[in-house]
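# Analysis of the macromolecular model
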Amino acid sequence: MTTSSSLARAFRRTPPRDVLIVMLSAVGDAVHVLPVVTALKRTWPNTRITWVIQPLPHTLVAGHPGVDRFLVFERRRGLGAWKSYVALRETLRGLSFDVCLSLQVSAKAGLIQKLAPARVRIGFDWTRARDLNWFFNDLHLPPRPDAHVQDQYLEFVEFIGVEAEPLDWGLHLTATETAARDRFFGGLDGPAIGFVLGATDARRDWTPEGYAQVIDSVAERFGTPCLLLGGPSKKDSAMAEGILRSCRGGTRPIDLTGDGLRRMLWLLDGCALVVSPDTGPLHMARAMGTPVVGLYGRTNPRRAGPYRAFEHLLVDGYANRPGERYGASRSYRDGMRRIRPVRVLEAIEAGLGNRVRRSAGSGTV
């Protein structure tokens, strides 16, 4: 019987030829996969790594140096959903994998794991798996208390005997993106602050009025450009319009919503500071090393905050009261309404330090 220790010993003697990673959706989760990929490739440079992923996160990580092959799973909806799995099965035909790392705990991922021609499939223990995902795997991580999502993904490399440290996301700009970043930010009057407007789950969003109050105060106090960052969704467009209507200051924020993840990446990289709720761009900013003020009220920052960084800049509405201690459980709260503009402005000032000028006005929130 194969066990974790025997598998790790076997891989120390003979590294696996092919590794399959199953993580389909969520941009933030895709960012958390990257240190897994880089650790595997650093330890086993000749191992081929294949990643099953959905189209949106693929636009961000395509071309990553640690991944040899992406299998893009375009899941259809409704009665045609089965056709997506038939197409993937045909793509997988003729391939074989020494190990499949099942990082996503869902039924759709479980079906893909079962289709994958892998010698052994590794997934989460039954207490952390959902939608019967546990049954699709051969080996399971030892049960552990809920921790940060990044730590949970790193358990997989530990399980097969790979050292995760030093952490490296390996997320880099292309030469064209670097030039676009330098050209855009070179035309601004001073370091910029980016405001990420919303998450896929609207319950994680802050309010247009809150953003507008902070932006007005930032413009008055620091005189630094403010950028509205978001995707092409109607929700992000509506949020940007609401902020622009609510701003009362003389300096208006620059609306940069409406484009893809790679443009978002170089915008985040060029900002002096980013303000964001729990959403993919927050984790992209952290991976690029850009200081980020995290706005948390719906999700637990112990589990989904910027990993090992910028904790002092976090605005915690998840806590029911200031200073409340809590673990990394998956429980959700309705705490975005507890986030006050004054707390966000304090975090912005702490994050900027002495990098921007301060005007004579004090700013009010």
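Each remark here, short or long, concerns the structure printed above.
Quick summary incoming for the structure in this document. In this text, all values refer to a predicted model and were calculated from it rather than measured experimentally.

## What about the nonpolar core?
- By size, the foremost hydrophobic cluster in this structure holds 102 residues, and its most contacted members are L40, W51, F195 and I348.
- The dominant element in this core, judged by the number of residues it contributes, is helix α2 (residues 27-43), at 9 residues.
- If we ignore the near neighbours within four places in the chain, the residues touching I348 are I193, F195, V214, V218, F222, L273, V275 and V293.
- Core analysis: the second largest hydrophobic core is formed by 15 residues, V52, Y85, F97 and C100 among them.

## Some points on the sheet that holds strand β12 (residues 315-316)
- Strand order in the open sheet formed by 6 strands is β9-β8-β7-β10-β11-β12, and the pairing between neighbours is parallel. Looking at strand neighbours, the two that pair on one side only are β9 (254-255) and β12, the edges of this open sheet.
- Across 3 bridges, strand β7 (residues 193-196) lies against strand β10 (residues 273-277) in parallel orientation. Along β10, the bridge assignment pairs G194 with V274.
- The sheet strands contacting helix α8 (residues 208-222) are β7, β8 (226-229), β10 and β11 (292-296), and the helix crosses β7 at an angle near 175 degrees.
- Together, β7, β10, β11 and β12 form the strand contacts of helix α13 (residues 341-352), whose direction differs from that of β10 by roughly 145 degrees.

## A word on the state of the cysteines
- Under the counting rule described, the total for this entry stands at 0 disulfides.
- Here C271 is not cross-linked by a disulfide; its sulfur's nearest cysteine counterpart is in C226, at 9.8 Å.

## Thoughts on the sheet that holds strand β4 (residues 99-102)
- Across the sheet, 6 strands lie side by side as β3-β2-β1-β4-β5-β6; this open sheet has parallel pairing. For this open sheet the edge positions go to β3 (69-72) and β6 (139-140), each flanked by a neighbour on one side alone.
- In this structure, strand β1 (residues 18-22) lies alongside strand β2 (residues 48-53), joined through 5 bridges in parallel fashion. Paired with I21 across the two strands is W51, which belongs to β2.
- Its contacts with the sheet place helix α5 (residues 107-115) against β1, β2, β4 and β5 (121-123), and it is angled at close to 160 degrees to β1.
- Across the sheet, helix α6 (residues 149-159) is in contact with β4, β5 and β6; its angle to β5 comes to roughly 140 degrees.

## Things to note about unusual backbone geometry
- With an omega dihedral of -5 degrees, the bond running from E165 to P166 counts as a cis peptide bond.
- Within the secondary structure layout, P166 lies in the loop between α6 and α7 (175-186).
- Despite not being glycine, F310 shows a phi value in the positive range, around 60 degrees.
- In this structure, F310 sits in the loop between α12 (301-304) and β12.
- With relative accessibility at 17%, the residue F310 sits in the buried group.

## Regarding the packing of helix α10 (residues 261-270) against helix α11 (residues 280-288)
- In contact at an axis separation of 9 Å, α10 and α11 are set at 50 degrees when each is read in the N-to-C sense. In terms of their interaxial angle, α10 and α11 are classed as oblique. Note that α10 runs across α11; the crossing there is right-handed. Counted together, L261, M264, L265, L268 and D269 of α10 and P281, M284, A285 and M288 of α11 form the full contact between these two elements.
- Its residues assigned to classes, the contact of α10 with α11 shows 8 nonpolar, no polar and 1 charged.

## Some points on the environment of C100
- Inspection of the secondary structure puts C100 in strand β4.
- Sequence separation between C100 and A285 is 185 residues, and the spatial gap between their C-alpha atoms is 29 Å.
- Residues within four places of C100 in sequence aside, it is in contact with L20, V22, Q113, A118, V120, R121 and I122.

## Quick notes on the packing of aromatic side chains
- Considering all chains together, one arrives at 9 aromatic pairs under this definition.
- Between W51 and F70 the ring centres are 5.7 Å apart and the planes differ by 35 degrees, which places this aromatic pair in the tilted class. Here F70 lies in strand β3 and W51 lies in strand β2, a separation of 19 residues in the sequence.
- On the basis of relative accessibility, which here comes to 0%, the residue W51 falls in the buried class.
- Counting every residue linked through ring pairs, the aromatic cluster contains F184, F185 and W266.
- One Lys or Arg, R302, reaches over the ring of Y326 and ends 5.3 Å from the middle of that ring.

## Regarding α5
- Every buried residue of α5 is accounted for by K108, A109, G110, I112 and Q113.
- Residues of α5 that are buried in the fold lie against β1, β2, α4 (81-92), β4 and β5.

## What to know about the pattern of salt bridges
- Counted by the stated rule, this structure contains 21 salt bridges.
- Because the salt bridges share partners, they merge into one network encompassing D125, R128, R144, E155 and E158.

## What about α8?
- Along its 15 residues, α8 runs 21 Å from first to last C-alpha, staying within 8% of the 21 Å computed at 1.5 Å per residue.
- Here α8 lies mainly inside the structure; 11 of its 15 residues are buried.
- All of the buried residues along α8 are G210, Y211, A212, V214, I215, D216, S217, V218, A219, R221 and F222.
- Buried residues along α8 sit in contact with β7, β8, α9 (234-246), β10, β11 and α13.
- Looking one or two residues past α8, G223 carries a phi angle of roughly 60 degrees, positive in sign.

Procedures and definitions
Residues numbered from 1 in each chain as written. Predicted model: local features only at pLDDT ≥ 70, side-chain atom pairs only at ≥ 80, totals over all residues. Heavy atoms only, no water. Core = buried A, V, L, I, M, F, W, Y, C linked by side-chain atoms within 4.5 Å. Buried < 20%, exposed > 50% of the residue type's maximum accessible area, 1.4 Å probe, protein only. Helix = DSSP H or I, 4+ residues; strand = E, 2+ residues; numbered from the N terminus. Contact = heavy atoms within 4.5 Å. Pairing = 2+ DSSP bridges. Axes fitted to C-alpha atoms, helices over the stretch in contact; angles between N-to-C directions. Disulfide = S-S within 2.5 Å. Parallel < 35°, antiparallel > 145°, perpendicular 65-115°, else oblique. Left-handed = near helix turned anticlockwise from the far one by under 90°. Nonpolar A, V, L, I, M, F, W, Y, C, P; charged D, E, K, R; others polar. Phe/Tyr/Trp six-rings, centres within 6.5 Å; stacked < 30°, edge-to-face > 60°. Lys NZ or Arg CZ within 6 Å of the ring centre and 35° of its normal. Salt bridge = Lys/Arg side-chain N within 4 Å of Asp/Glu carboxyl O. Expected span 1.5 Å × (residues − 1).

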